[in-house]
Amino acid sequence: MYKEFGIKDEIIDLSKEIEKSLENIFKNINNISEYNSLKVLMAFQKYNLSEMHFNATTGYGYGDIGRDTIEKIYSDIFKAEDSLVRTQLISGTHAISTALFGVLRPEDTLISITGKPYDTLDEVIGIKENKSSLISYGVKYEQIDLINDDFDYKKIEERLKQKNVKLVEIQRSRGYALRSTINLDKLKNVIKLIKSIDKNIIIMIDNCYCEFVDKKEPIELGADIAVGSLIKNLGGGITPNGAYIVGKKDLVQLASERLTAPGLGKEVGASLGINKQILQGLFLAPQVVSNAIKTAVFASKMLEELGYKVEPKYNDKRADIVQTIEFGNEENLIQFCQGIQAGSPVDSASLPMPWDMPGYTNKVIMAAGAFTQGSSIELSCDGPIRPPYIAFMQGGLTYEYGKLRSFEGNIHDK
């Protein structure tokens, strides 16, 4: 079977050696998965989840007890006062935009302390001119870059002591930046610093790709609001679309009134029969995330053995599901992504090519033969066409499928 798939004997032998060396790392990943599974199970039981919560609502969605129960469960899992979990939030970017526009007002100052945010937020903020951006509405924007993959604590302290900062935004995952993900220890340290200077500053976390990778989430560390996508970690490969916003009740309410309308907020928004998929995806999420991390760890070790520059290293402590592979040239990047696509369960005959995607500065190649379009928890691989030509690989619904597809990527690159 392996030979029919085009996998050489030496690759199979190497993979067996690598898997044996990863046993202790995989054991720790399993322990985190079990902890988070217990967290989800207890929340489901706490709110007496029943089949009636799977029922659909239409129209305005008044009294959707399934939708409301989902939001209670999310609040419990994140240790948050409130949450907004909706299919009307179409992506992580939309959730971030909704939260920012909901909370910020003209003359308020927004500061990103992890450098420039992900490319799709350029026009949301107004880094790239857009007549609907935050800057166009009079919101002020500043950013403080990281130093050696950690916060510039001195500069953050100096700036915040000048007052007039409404919101600090922290993007945990790297996006397309060449830096490490912000782990919980670093996040805890910087939140403590910010709150010691001014407890009223709102700390918002872009938590995409990071959920269930560790045992705690940002709200537990003192963040005020956190956002993410349901076609990434928490959707478990089941939820077809949507995103979440969790945090303090007043901030979630402001975001909900931005999503719907002032005075309506969370009271409206029909679930249209998606409640079961949101809940089932969340139920599977701890295990699916652990599979994605195992896939990333295996790929990191395998590709490093084959001579590639990878980050994180296989034995680094992980804070998200993303694995990077540096190719150094456009051709190899494209071929690797095409190999990942060729190993996909869906659209394996498609040939991804770089193109000008909305919200991105450079052309981007994206391989994602997924059951849900654009799902990043299903194994996908993408990258901007710019030096040093890095592929960003993430996901893997099962470790076995993830391993086989990373084989395919290497076959095509070679």
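Since the structure is predicted, the reported quantities are computational estimates derived from the model, not experimental observations. (Residues numbered from 1 in each chain as written. Predicted model: local features only at pLDDT ≥ 70, side-chain atom pairs only at ≥ 80, totals over all residues. Heavy atoms only, no water.)

> Can you help me understand the pattern of salt bridges in this one?
Any two side chains of opposite charge can pair, so long as their charged atoms come close to each other. Overall, the coordinates contain 22 salt bridges when judged by the stated rule. Two residues, Lys161 and Glu157, come together in a salt bridge whose shortest N-O distance is 2.9 Å. Classification of Glu157 as partly exposed rests on a relative accessible area of 29%. (Salt bridge = Lys/Arg side-chain N within 4 Å of Asp/Glu carboxyl O. Buried < 20%, exposed > 50% of the residue type's maximum accessible area, 1.4 Å probe, protein only.)

> Got a minute to help me understand a nonpolar patch on the surface in this structure?
Together, Leu41, Phe283 and Leu284 give the surface a local cluster of nonpolar side chains, amounting to about 250 Å² of exposed area. Looking at the secondary structure, you find Leu41 in helix H2 (residues 23-46). (Patch = residues over 30% accessible without salt bridge, like charges linked within 9 Å, V, L, I, M, F, W, Y side chains within 5 Å. Areas by Shrake-Rupley, 256 points an atom, 1.4 Å probe, with all protein chains shown as cover. Helix = DSSP H or I, 4+ residues; strand = E, 2+ residues; numbered from the N terminus.)

> Help me understand the sheet that holds strand E8 (residues 309-311) in this model?
Backbone hydrogen bonds are what pair the strands of a sheet, in a parallel or an antiparallel way. The five strands are arranged E8-E9-E12-E11-E10 in an open sheet whose pairing can be described as antiparallel. Of all strands in the sheet, those with a lone pairing partner are E8 and strand E10 (364-367), marking the two edges. Here the strands of the sheet are splayed against their neighbours by 20° on average, with no regard to which way each runs. Note that E10 and strand E11 (residues 380-384) share four bridges and pair antiparallel. Among the inter-strand pairings, Met366 is bridged to a residue of E11, identified as Asp382. The strands touched by helix H10 (residues 330-342) are strand E9 (322-326), E10, E11 and strand E12 (390-394); relative to E10, the strand with the most contacts, the crossing angle is about 25°. (Pairing = 2+ DSSP bridges. Axes fitted to C-alpha atoms, helices over the stretch in contact; angles between N-to-C directions. Contact = heavy atoms within 4.5 Å.)

> It is not clear to me how the sheet that holds strand E5 (residues 202-206) should be interpreted in this structure. Could you clarify?
Pairing in this open sheet of seven strands is mixed, and the strands run E1-E7-E6-E5-E4-E2-E3 from one edge to the other. At either margin of the open sheet sits one strand with a lone partner, and together these are strand E1 (82-86) and strand E3 (140-143). Within the sheet, the average angular offset between the axes of one strand and its neighbour, ignoring direction, is 15°. Of the strand pairs in this sheet, strand E2 (residues 109-112) and strand E4 (residues 167-171) are connected by three bridges, and their pairing is parallel. Across the sheet, Ser112 pairs through a bridge with Glu169, a residue of E4. Relative to the sheet, helix H7 (residues 184-197) contacts E4 and E5, its axis offset from that of E5 by approximately 160°.

> Could you clarify how one ought to interpret the environment of Ile225 in this entry?
Note on placement: Ile225 falls in strand E6 (residues 225-229). Sequence-wise, Ile225 and Val213 are twelve residues apart; in three dimensions their C-alpha atoms are separated by 18 Å. Setting aside chain neighbours within four positions, we find Ile225 in contact with Ala99, Ile202, Ile203, Met204, Ile205, Ile219, Ile245, Val246, Gly247 and Leu251.

> Just to check I follow, could you spell out the packing of H2 against helix H3 (residues 65-78) for this structure?
Each packed pair of helices is defined by two parameters, the angle between the axes and the distance between the axes. The contact between H2 and H3 brings their axes to 9 Å, and the two run at 140°. As summarised for this structure, H2 and H3 are arranged oblique, according to the angle between their axes. Relative to H3, H2 is oriented so that their crossing is right-handed. Where H2 approaches H3, its residues Lys39, Val40, Ala43, Phe44 and Lys46 are matched on the opposing element by Ile73, Asp76 and Ile77. Of the residues in the contact of H2 with H3, the class split is five nonpolar, no polar and three charged. (Parallel < 35°, antiparallel > 145°, perpendicular 65-115°, else oblique. Left-handed = near helix turned anticlockwise from the far one by under 90°. Nonpolar A, V, L, I, M, F, W, Y, C, P; charged D, E, K, R; others polar.)

> How should the side chain of Ser229 be read in this particular structure?
Relative to the elements of secondary structure, Ser229 occurs in strand E6. Of the residues examined, Ser229 reaches a relative accessible area of 1% and is grouped as buried. A polar contact is formed between the side chain of Ser229 and the backbone nitrogen of Ile231, at a distance of 3.1 Å. What Ser229 contacts, discounting residues up to four positions off in sequence, is Gly92, Cys208, Glu211, Leu234, Gly242, Ala243 and Tyr244. (Polar contact = N/O pair within 3.5 Å; in protein donor to acceptor, adjacent residues only side chain to side chain.)

> Could you clarify how one ought to interpret H7 in this entry?
Residues lying three or four places apart along an α-helix face the same way, a consequence of the helix completing one turn every 3.6 residues. Its 14 residues place the ends of H7 20 Å apart at the C-alpha level, agreeing with the 20 Å of an ideal helix rising 1.5 Å per residue. Along H7, the residues that are buried comprise Leu184, Lys186, Leu187, Val190, Ile191, Leu193, Ile194 and Ile197. For H7, the N-terminal cap is Asn183; the gap from its side-chain oxygen to the backbone nitrogen of Asp185 is 3.2 Å. (Expected span 1.5 Å × (residues − 1).)

> Sorry if this is basic, but what is going on with the packing of H2 against helix H9 (residues 275-305) here?
Running from N to C, H2 and H9 cross one another at 170°; their axes reach a closest spacing of 10 Å. Our classification of the angle between H2 and H9 gives roughly antiparallel. Contact residues: Ile25, Phe26, Ile29, Asn30, Ser33, Asn36, Ser37, Val40, Leu41 and Phe44 in H2; Leu279, Leu282, Phe283, Pro286, Gln287, Ser290, Ile293, Lys294 and Val297 in H9. Among the residues forming the contact of H2 with H9, the class breakdown is twelve nonpolar, six polar and one charged.

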